[in-house]
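Per-entry structural report
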Amino acid sequence: MGHGQRVEAHPALVFSRCRLISRAEIAKVEAEPVHKDVPLKMQTIQWTLSVLIVIFLVLSLYFSVRYRREAEPKQRGLYSARMNICMGLMLVVIAVSQLFFFEDSATRRIFGTVCLLLGLFNLFAGIRNHNLFSRK
């Protein structure tokens, strides 16, 4: 072959990562679901938990802004308590997703446990403070 000549590959073969594979293998891989080892119900639960995390994050930010702008002490206390409740729920959902829906590792277990403990503490403090400020 001289300079400028083109080499024609066999139409049923393709180079992929320095390995020759057939187009039939490519079609087989493309037809498989992306997360074939994770069942559809598990994916739905993970997606729902992700949506809940975002909702609680937005609510925490909302109540945080309302708390900072409020002048009346009773309303400030209520907004602070609601912010703690939302933050606690968000941390508990993060902990649940880390502990039960991903591959197990020591780092994930520690992170999930810390999030769970912080979340439960925030939730308890928020409910207690909400009851306290709603009575005044």
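Residues numbered from 1 in each chain as written. Predicted model: local features only at pLDDT ≥ 70, side-chain atom pairs only at ≥ 80, totals over all residues. Heavy atoms only, no water.

What about the environment of V114?
Convention followed: Each helix corresponds to a stretch of at least 4 residues labelled H or I by DSSP, and each strand to a stretch of at least 2 residues labelled E; elements are numbered beginning at the N terminus.
Note on placement: V114 falls in helix α4 (residues 106-135). Put simply, V114 and V92 are 22 residues apart on the chain and 9.7 Å apart in space, counted from C-alpha to C-alpha.

Considerations on the confidence of the model for the protein chain
The line we're drawing: As a per-residue quantity, pLDDT reports the predictor's confidence and falls between 0 and 100.
Here the protein chain shows a mean pLDDT of 83. Residues at 70 or above account for 71%. The lowest-confidence element of the protein chain is strand β1 (residues 13-16), averaging 50 in pLDDT; the highest-confidence one is helix α3 (residues 73-100), averaging 95.

Here's the deal with the UniProt feature "transmembrane region" (unreviewed entry) in the protein chain
Rule in force here: UniProt positions are given in the numbering used here, feature names are shortened, and annotations may be inferred rather than shown by experiment.
In this numbering, the UniProt entry assigns the feature "transmembrane region" (unreviewed entry) to residues 45-65, 85-102 and 108-127. Taken as a whole, residues 85-102 contains 89% helix and 0% strand, while its terminal C-alpha atoms sit 25 Å from one another. Secondary structure over residues 108-127 splits into 100% helix and 0% strand, and the C-alpha atoms at its two ends are 28 Å apart.

Structural notes on the pattern of salt bridges
When the charged atoms of two side chains lie near each other, side chains of opposite charge can form a pair. So the rule is basically this: A side-chain nitrogen of Lys or Arg and a carboxyl oxygen of Asp or Glu constitute a salt bridge if their distance falls within 4 Å. Only protein chains enter the accessibility calculation, which uses a 1.4 Å probe; a residue is then buried when its area is under 20% of its type maximum, exposed when over 50%, and partly exposed in between.
Tallying each qualifying case throughout the model produces 1 salt bridge. The salt bridge involving D104 is made with R109; its shortest N-O contact spans 2.6 Å. Given the relative accessible area of 44%, R109 is considered partly exposed.

Let's talk about helix α2 (residues 40-69)
The cut-off we apply is this: A helix is expected to span 1.5 Å multiplied by its residue count minus one. Only heavy atoms enter the contact rule, under which two residues are in contact if any of them lie within 4.5 Å.
Here α2 is 30 residues long and its end C-alpha atoms lie 44 Å apart, about the 44 Å a rise of 1.5 Å per residue gives. Every buried residue belonging to α2 is among L49, F56, S60, F63 and S64, and all of these are buried. Next to the buried residues of α2 lie α3.

What to know about the nonpolar core
Rules: For our purposes a nonpolar core is just a set of buried Ala, Val, Leu, Ile, Met, Phe, Trp, Tyr and Cys residues, chained together by side-chain atoms within 4.5 Å.
Of all hydrophobic cores here, the largest spans 9 residues; its members are L49, F56, M90, L91, V93, I94, A95, F101 and C115. At the level of secondary structure, the elements contributing two or more residues to this core comprise α2 and α3. Among the elements that take part in this core, α3 stands out by supplying 5 residues, more than any other. Excluding residues that lie within four positions of it along the chain, L91 makes contacts with C115, L116, L118, G119 and N122.

Details of the environment of R135
Along the polypeptide, R135 turns up in helix α4. A residue is classified by how much of its surface remains accessible, and R135, at 70% relative accessible area, is exposed. A C-alpha to C-alpha distance of 9.5 Å links R135 and K74, two positions 61 residues apart in sequence.

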